[in-house]
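What follows is each chain in one-letter form.
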Amino acid sequence: MALLVVGSVALDSVATPFDKVEDALGGSATYISLASSYFANPVYLVGTVGEDFPKKYIDILAKHEIDLEGLQIVPGKTFRWSGKYHYDLNVRDTLLTELNVFEKFDPVIPDKFRKAQFVCLGNIDPVLQIKVLDQMVDPQFVVCDTMNYWIEGRRNELIKLLKRVSVLIINDSEARLLASEPNLVKAAKMIREMGPKILIIKKGEHGALLFMENTVFSAPAYPMEMIFDPTGAGDTFAGGFIGYLHKTNDLNSENMKCAVIYGSTMASFCVEQFSTGGLEQLSYPRIKERFREFLKLSRFDEKD
Ligand code: AMP
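Fair warning: this is a prediction, and the values are worked out from it, not measured in the lab.

Caption draft 1: View of the overall build of the chain. Scanning the chain from N- to C-terminus turns up 11 helices and 13 strands. Along the first, second and third principal axes, the C-alpha atoms of the chain reach 70 × 40 × 35 Å. Pairs at least 24 apart in sequence give 64% of the contacts found in the chain among residues at least 6 apart. Total accessible area on the chain is roughly 14100 Å²; 50% of this is exposed by carbon and sulfur atoms. Looking at the chain, you have 34 positive and 40 negative side-chain charges, and the mean spots of the two groups are 3 Å apart.

Here's what the structure looks like:
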């Protein structure tokens, strides 16, 4: 068994009210693969960077035993993204999106990767996400992320893709936009009718909702005293979620709830430092310890 991750590998410049970084390691595939690497092995990464991409960042990915055979290093500049967070860290302005080598990205899946049973499609053009699935032999479990930009600009392609996806992970505003429905429960029903049997709606610091079968599971977010940089929290959530499911190879509904909590656990580490710093030095016991704190957060006994 293997996990394939496809998405952006980026140089991010991020400013928060507390600090800022320039040309830091970022990108959806970066966060997903780093988070999932604590659970899954092998993790295959497919993406593209330019020749300016620092070797020290390749080393970070390699140190986590992420297989980089599918990372194309091509002439030109790496994808760059820049964002500025407000005092309320839930509010962010995108200052710059420079596609650079990403503009011509053609995700070619190496032969060795094509039999991966678990696939995580990071937030990229749905046309490319479909192209990835077309190259896979028989994936058992496909998790997909997307964003407002594609919901508005590539709606038809996205709807085609959703028929082939097991789990869609989006945030609340994206769910409302995709379903054209303000009520999240109604929106979830409509989105699941488009294809994915399982839907996860992230609500930032208010946790996440998991819709599957006939149930809704509400996962809390970890109450953090210090959030340094929310960048990549959503991707990290997806990485922890699919990584844990890959590790346990158990797709039943109770285990799916645990996977959501592991996703939230990894996201809580991500926001504690700038860029990927919070994901670089973790250990499985530390992850498990925080997972247990999540249990305490929402466990209560029935009383008369
Ligand atoms: P998130 O905070 O979960 O929205 O993820 C932020 C990460 O996504 C950053 O590291 C960016 O480099 C990357 N990113 C931002 N915009 C795009 C885009 N249009 N396509 C692919 N990746 C992006």
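Caption draft 2: Representation of the state of the cysteines. Enumeration over the complete set of coordinates arrives at 0 disulfides. Cysteine Cys144 remains unbridged, with the sulfur of Cys120 as its closest cysteine sulfur at 8.4 Å.

Caption draft 3: How the structure looks around the sheet that holds strand S7 (residues 92-98). The strand order across the open sheet built from 4 strands is S3-S2-S6-S7, with neighbouring strands paired in mixed fashion. Two strands in the sheet have a free side with no partner beyond their single neighbour: strand S3 (20-26) and S7. Sheet twist, expressed as the mean angle between neighbouring strand axes with direction ignored, is 20°.

Caption draft 4: Representation of the side chain of Thr78 within the structure. Along the chain, the position of Thr78 falls in the loop between strand S5 (66-74) and strand S6 (80-85). A residue is classified by how much of its surface remains accessible, and Thr78, at 0% relative accessible area, is buried. With residues near it in sequence (within four places) discarded, Thr78 still touches Val9, Ala10, Leu11, Val49, Gly50, Asp52, Phe53, Glu98, Asn100 and Val101.

Caption draft 5: Structural context of helix H7 (residues 184-193). Turning to H7, its buried residues number three or more, namely Leu184, Ala187, Ala188 and Ile191. Projected onto a plane normal to the axis of H7, the buried residues spread over an arc of 100° and lie on a single side. Structural note: H7 exposes Val185, Lys186, Lys189 and Glu193 on the side pointing more than 90 degrees away from its buried face. Close packing links the buried residues of H7 with strand S10 (167-171), helix H6 (172-179), strand S11 (198-202) and strand S12 (208-212). A side-chain oxygen of the first residue of H7 lies 2.9 Å from the backbone nitrogen of Val185; this N-cap is Asn183.

Caption draft 6: Seen up close, the sheet that holds strand S8 (residues 118-121). Read across the sheet, 9 strands follow the order S5-S4-S1-S8-S9-S10-S11-S12-S13 without closing on themselves; strand pairing throughout is mixed. Either end of the sheet is taken by a strand with one partner, and the two such strands are S5 and strand S13 (215-219). Sheet twist, expressed as the mean angle between neighbouring strand axes with direction ignored, is 15°. The sheet contact formed by S8 and strand S9 (residues 141-145) spans 4 bridges and is parallel. Of the residues in S9, the one forming a bridge with Phe118 is Phe141.

Caption draft 7: Representation of the site of the ligand within the structure. Around the ligand, the structure places 14 residues, and the nearest of them are Ser8, Asp12, Gly27, Arg92 and Gly232. Measuring from an oxygen atom of the ligand, one finds a backbone N or O atom of Gly27 at 2.7 Å. Here an oxygen atom of the ligand and a side-chain polar atom of Asp235 are 3.0 Å apart. Burial of the ligand by the protein amounts to 86% of the accessible area it has alone, namely 510 Å². Of all elements in the fold, only strand S2 (10-15) and helix H8 (233-248) reach the threshold of two or more residues within the shell around the ligand. Considered class by class, the residues forming the shell around the ligand number 4 nonpolar, 7 polar and 3 charged.

Caption draft 8: Molecular detail of a nonpolar patch on the surface. A contiguous nonpolar surface patch, about 260 Å² in accessible area, is contributed by Phe18, Met226 and Phe228. Residue placement: Phe228 occurs in the loop between S13 and H8. For Phe228, a relative accessible area of 31% puts it in the partly exposed group.

Basis of the calculations
Residues numbered from 1 in each chain as written. Predicted model: local features only at pLDDT ≥ 70, side-chain atom pairs only at ≥ 80, totals over all residues. Heavy atoms only, no water. Helix = DSSP H or I, 4+ residues; strand = E, 2+ residues; numbered from the N terminus. Contact = heavy atoms within 4.5 Å. Areas by Shrake-Rupley, 256 points an atom, 1.4 Å probe, with all protein chains shown as cover. Lys, Arg positive; Asp, Glu negative; His and termini not counted. Charge placed at Lys NZ, Arg CZ, Asp CG, Glu CD. Disulfide = S-S within 2.5 Å. Pairing = 2+ DSSP bridges. Axes fitted to C-alpha atoms, helices over the stretch in contact; angles between N-to-C directions. Buried < 20%, exposed > 50% of the residue type's maximum accessible area, 1.4 Å probe, protein only. Arc of directions from axis to C-beta. Polar contact = N/O pair within 3.5 Å; in protein donor to acceptor, adjacent residues only side chain to side chain. Near = heavy atom within 4 Å. Nonpolar A, V, L, I, M, F, W, Y, C, P; charged D, E, K, R; others polar. Patch = residues over 30% accessible without salt bridge, like charges linked within 9 Å, V, L, I, M, F, W, Y side chains within 5 Å. Salt bridge = Lys/Arg side-chain N within 4 Å of Asp/Glu carboxyl O.

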